[in-house]
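# Chain and residue survey
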Amino acid sequence: MPTVNAFAAVSATAPLQPITIERREVGPWDVRIDIQYTGICHSDIHEVRGDWGPCPYPLAPGHEITGVVAEVGAEVTRFAVGDRVGVGCLVNSCGTCKACERGQEQFCSVKAVWTYGDTDVDGTVTQGGYSTQIVVTDRFVVRVPDSLPLDAAAPLLCAGITTYAPMRRWGVGPGTKVAVVGLGGLGHVAVKIARALGAEVTVLSQTLSKKDAGLALGASDYRATSDPATFEDLAGAFDLILSTVSAPLPMDSYISMLAVGVGVMVNVGAAPEESGLHLRLLNRQRVLTGSLIGGIAETQEMLDFCGEHGIGAEIELIAADQINEAYERVLASDVRYRFVIDIATLR
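All figures in this text were calculated on a predicted structure; none of them were measured in a lab.

## A short note on the overall build of the protein chain
For the protein chain, the helix and strand inventory stands at eleven helices and 17 strands. Against the 2.2 N^0.38 benchmark of 20 Å for 347 residues, the protein chain shows a C-alpha radius of gyration of 20 Å, consistent with a compact globule. On the principal axes, the C-alpha backbone points of the protein chain span a range of 60 × 40 × 40 Å. Residues classed as buried in the protein chain amount to 54% of the 347 residues present. Contacts in the protein chain between residues at least 24 apart in sequence constitute 67% of all its contacts with a sequence separation of at least 6.

## Notes on the packing of aromatic side chains
According to the stated counting rule, one finds two aromatic pairs in the structure shown. When the centroid spacing of 5.8 Å and the interplanar angle of 45° are considered together, the rings of tyrosine 164 and phenylalanine 305 count as tilted. On the criterion of sequence distance, the pair formed by tyrosine 164 in helix α4 (residues 159–169) and phenylalanine 305 in helix α10 (residues 296–309) is long-range, its members being 141 residues apart. One exposure class covers both tyrosine 164 and phenylalanine 305, and it is buried.

## Section: helix α5 (residues 185–196)
Between the first and last C-alpha of α5 there are 18 Å, a value that for twelve residues agrees with the 16 Å anticipated at 1.5 Å per step. For α5, a buried count of ten out of twelve residues is recorded, marking the element as mostly surrounded by other parts of the structure. Taken together, the buried positions of α5 are Gly185, Leu186, Gly187, His188, Val189, Ala190, Val191, Lys192, Ile193 and Ala194. Just past α5, the residue glycine 198 takes up positive phi, approximately 105°.

## Here's the deal with the pattern of salt bridges
All chains considered together, the criterion is met by 14 salt bridges. Notably, a salt bridge pairs glutamate 71 with arginine 32, separated by 3.0 Å at the nearest N-O pair. Here arginine 32 lies in strand β3 (residues 30–39) and glutamate 71 lies in strand β4 (residues 65–72), a separation of 39 residues in the sequence. With a relative accessible area of 32%, glutamate 71 lands in the partly exposed category. Here the salt bridges do not stand alone but share partners, grouping Arg24, Asp30 and Asp120 into one network.

## Some points on unusual backbone geometry
The amide bond that connects tyrosine 57 to the next residue, proline 58, takes the cis arrangement and shows omega of -5°. Among the structural elements, proline 58 can be located in the loop between α1 (42–48) and β4. Cis peptide bonds are those with omega within 30 degrees of zero, and the linkage from arginine 336 to tyrosine 337 qualifies with 5°. Mapping tyrosine 337 onto the fold places it in the loop between α11 (323–331) and β17 (338–342). With a phi angle near 35°, isoleucine 293 is a residue other than glycine that sits in the positive phi range. Given a relative accessible area of 8%, isoleucine 293 falls into the buried group.

## Some words on the sheet that holds strand β15 (residues 287–290)
Judged by pairing direction, the sheet is parallel, and its six strands sit side by side in the order β12-β11-β10-β13-β14-β15 without closing on themselves. Because the sheet does not close on itself, it has two edges, and the strands there are β12 (221–224) and β15. Neighbour to neighbour, the strand axes of the sheet diverge by 20° on average, direction disregarded. In this structure, strand β14 (residues 264–267) lies alongside β15, joined through four bridges in parallel fashion. Bridge pairing links asparagine 267 to glycine 290 in β15.

## Regarding the packing of α4 against α5
Packed helices, taken two at a time, are described by the angle their axes make and the gap between the axes. The interhelical angle for the contact between α4 and α5, taken along N-to-C directions, is 50°, at an axis separation of 9 Å. For the element pair α4 / α5, the angle class is oblique. In this structure, the crossing between α4 and α5 has a hand that is right-handed. Across from Ala159, Gly160, Thr162, Thr163, Tyr164 and Met167 in α4, the residues of α5 making contact are Gly185, Leu186, Val189, Ala190, Ile193 and Ala194. When grouped by side-chain class, the residues that make up the contact of α4 with α5 number eight nonpolar, four polar and no charged.

## Examining the nonpolar core
Judged by nonpolar contacts, the single largest core of 97 residues is most densely connected at Ile40, Tyr130, Met167, Ile193 and Ile323. When residues of this core are assigned to their parent elements, the largest contribution, six residues, is made by α5. By size, the runner-up hydrophobic cluster in this structure holds 14 residues, among which are Phe231, Ile241, Met251 and Ile255.

## Considering the state of the cysteines
In total, this model carries zero disulfides according to the counting rule given. Cysteine cysteine 55 remains unbridged, with the sulfur of cysteine 41 as its closest cysteine sulfur at 14 Å. On the basis of relative accessibility, which here comes to 13%, the residue cysteine 55 falls in the buried class. Here cysteine 306 stays free of any disulfide, with the sulfur of cysteine 158 as its closest cysteine sulfur at 13 Å. Residue cysteine 306 is classed as buried on the basis of its relative accessible area, which comes to 0%.

So, how was this worked out
- Residues numbered from 1 in each chain as written.
- Predicted model: local features only at pLDDT ≥ 70, side-chain atom pairs only at ≥ 80, totals over all residues.
- Heavy atoms only, no water.
- Helix = DSSP H or I, 4+ residues; strand = E, 2+ residues; numbered from the N terminus.
- Rg over C-alpha atoms; globule rule 2.2 N^0.38 Å.
- Buried < 20%, exposed > 50% of the residue type's maximum accessible area, 1.4 Å probe, protein only.
- Contact = heavy atoms within 4.5 Å.
- Phe/Tyr/Trp six-rings, centres within 6.5 Å; stacked < 30°, edge-to-face > 60°.
- Expected span 1.5 Å × (residues − 1).
- Salt bridge = Lys/Arg side-chain N within 4 Å of Asp/Glu carboxyl O.
- Pairing = 2+ DSSP bridges.
- Axes fitted to C-alpha atoms, helices over the stretch in contact; angles between N-to-C directions.
- Parallel < 35°, antiparallel > 145°, perpendicular 65-115°, else oblique.
- Left-handed = near helix turned anticlockwise from the far one by under 90°.
- Nonpolar A, V, L, I, M, F, W, Y, C, P; charged D, E, K, R; others polar.
- Core = buried A, V, L, I, M, F, W, Y, C linked by side-chain atoms within 4.5 Å.
- Disulfide = S-S within 2.5 Å.

Shown next, in the form of structure tokens:
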């Protein structure tokens, strides 16, 4: 099998380092992509450091991938050499279960195969986008609109679909009021998308340190959650609250800001604690739920929407030898708003 350059974790504690990894030969339904850019997601750090359980080292993470088609299999008709494309969090599924038929491959009842650190249908361990090339079944390749730069589009393959899917699911549009909790890698994209959908957007952040940036991204209000008056002033105000943070939240306080009867809080970060939670939900018919990326068709829909509205991530472009430093800065919340690796520095 062909080998390609990559940047990978070799243990939970060692710095990531350059290695070579194997990619399969291009099969009839495969697309080989020359990767140009890969975003750094907080999930990459959790995975390679063993936060979510055993990790199959060596492992090249990365599931926010954009690049150009280098080769297509004999049966592939949707893509051609030179096309601008992307790969997100999924690279395979059964294709025939009810979830797959509904376009929700992420919920495949047989096996959804994640882009890195998972076992593919051929028994190999999947390797992600911190590498120069990837070979993917054509069903899991999406087209990047010409209007989007490939570097700014890369984070949309995770951060974009993670925030877009629940907004579409819960009817965000003109006349709706949305609160975005946190203005990081996910949150800043969420603000842009919600505003483009026509919603009135408020950012809820611990402090006002990013207020000017939040307003510039499209929010109409920016409130500090460290101020108790925020929860009093905004009681019952929002149709949707989208929590993008991984830290535990005082859920009672946030749920009190949902509109009675129609308000929904969606967590795309860590699961909430449940102090007093059920009474507030039952007594006011509010909804607390979670969301996990989206299917391939919805991911393409999201990219097309972002292309139409000129929505890309705000990024800091780095070389491969800066990845370890970038990880530490992500953990310190020292990035506005997404690191993207220039894969040319791996070649």
